[in-house]
Amino acid sequence: GESVGLHLPTLSVQEGDNSIINCAYSNSASDYFIWYKQESGKGPQFIIDIRSNMDKRQGQRVTVLLNKTVKHLSLQIAATQPGDSAVYFCAEKVQAGTALIFGKGTTLSVSS
Amino acid sequence: DTAVSQTPKYLVTQMGNDKSIKCEQNLGHDTMYWYKQDSKKFLKIMFSYNNKELIINETVPNRFSPKSPDKAHLNLHINSLELGDSAVYFCASSQSGGGLTEAFFGQGTRLTVV
């Protein structure tokens, strides 16, 4: 099976709430992690990345947390907006020269 | 300016036919990929090319043959199409030899085999 997965297939939140999307990975040798957003009918779009030598990285309204001890990755979205509704994927890369391995995705639904 | 572009966006064809999907990237990247996304949205790597050379070839039927005429293009040819080939196919590219950098994805090609 795949080495990266998400805990919940769907997440529903109210506009303005903070969202947390989780991901568990199984390969402790993974060196690099990315969160992608995929809107309906479009390709995955890069949101934020983090390398294995970090445990937190912040972007605009998004924060990625990496816990290597339990092999867990999370994406936090602050003040979630309707435009954030999409499928979110975590992906990992074991080493340079290999391809990204994707988890199953979490569908985020934001209601106003 | 589209960074990674695929054509066609939609492709409907009959079983047994041969079809091709084209991909071009204008980002100057040296690594390109093909991913398959099934009906449950799961994205799986199929192939990876670096500087026109095949790097990754996952367990994909040999009816699928990627071709890279140059670094900016990676086309996917599929022979003898089967119903199970129906999916969305994504082309992607990355730089630095596929090192620790993100991949940029195209808009996808929805293939429907009838």
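See the structure shown above.
Residues numbered from 1 in each chain as written. Chains lettered and ligands numbered in written order. Predicted model: local features only at pLDDT ≥ 70, side-chain atom pairs only at ≥ 80, totals over all residues. Heavy atoms only, no water.

A look at the interface of chain A and chain B
Contacts between the two partners involve 24 residues from chain A and, on the opposite side, 22 residues from chain B. Between chain A and chain B, a total of about 1800 Å² is buried, with carbon and sulfur atoms accounting for 60% of that surface. In this assembly, chain A and chain B are joined by zero salt bridges. The tally of links between chain A and chain B comes to five residue pairs in polar contact (both at pLDDT 80 or more). Elements supplying a minimum of two residues to the side of chain A that touches chain B: strand 4 (32–38), strand 5 (45–51) and strand 9 (86–93) of chain A. Element by element, the count of residues in the side of chain A that touches chain B is highest for strand 4 of chain A, at four residues. Residues that form the side of chain A that touches chain B fall into these classes: ten nonpolar, seven polar and seven charged. (Contact = heavy atoms within 4.5 Å. Buried area = accessible area lost by both parts, 1.4 Å probe. Salt bridge = Lys/Arg side-chain N within 4 Å of Asp/Glu carboxyl O. Polar contact = N/O pair within 3.5 Å; in protein donor to acceptor, adjacent residues only side chain to side chain. Helix = DSSP H or I, 4+ residues; strand = E, 2+ residues; numbered from the N terminus. Nonpolar A, V, L, I, M, F, W, Y, C, P; charged D, E, K, R; others polar.)

Re unusual backbone geometry
Following Thr7 of chain B, the chain continues to Pro8 of chain B via a peptide bond in cis, the omega torsion being 0 degrees. In this fold, Pro8 of chain B is placed in the loop between strand 1 (4–7) and strand 2 (10–13). Positive phi values are uncommon outside glycine, yet Lys71 of chain A reaches one of about 55 degrees. You can see Lys71 of chain A is positioned in the loop between strand 7 (62–67) and strand 8 (72–77). We classify Lys71 of chain A as partly exposed; its relative accessible area is 26%. Non-glycine residue Lys41 of chain B carries a positive phi angle of around 75 degrees. Assessed through its relative accessible area of 34%, Lys41 of chain B is described here as partly exposed. (Buried < 20%, exposed > 50% of the residue type's maximum accessible area, 1.4 Å probe, protein only.)

So, the side chain of Ser52 of chain A
Residue and element names in this part refer to chain A. Mapping Ser52 onto the fold places it in the loop between strand 5 and strand 6 (56–58). One polar contact links Ser52 to Asp31, side chain to side chain, over a distance of 2.7 Å. In contact with Ser52, not counting residues within four places along its chain, are Ser30, Asp31, Leu66 and Lys68.

Overview of the pairing of strand 4 (residues 31–37) of chain B
Residue and element names in this part refer to chain B. Among the seven residues in strand 4, six count as buried, and that is most of the element. Here strand 4 runs beside strand 5 (residues 43–50); their pairing, made up of seven bridges, is antiparallel. For Thr31, the partnering residue across the bridge sits in strand 5 and is Asn50. Of the pairings in the sheet, the one linking strand 4 to strand 9 (residues 87–94) comprises seven bridges and is antiparallel in character. Residue pairing for strand 9: Met32 is matched across the bridge by Ser93. (Pairing = 2+ DSSP bridges.)

Things to note about the packing of aromatic side chains
Throughout the structure, instances matching the rule amount to ten aromatic pairs over all chains. In textbook terms, an aromatic cluster arises when at least three aromatic residues are bridged by ring pairs, as seen for Tyr36, Phe89 and Phe102 of chain A together with Tyr33, Tyr35, Phe90 and Phe105 of chain B. (Phe/Tyr/Trp six-rings, centres within 6.5 Å; stacked < 30°, edge-to-face > 60°.)

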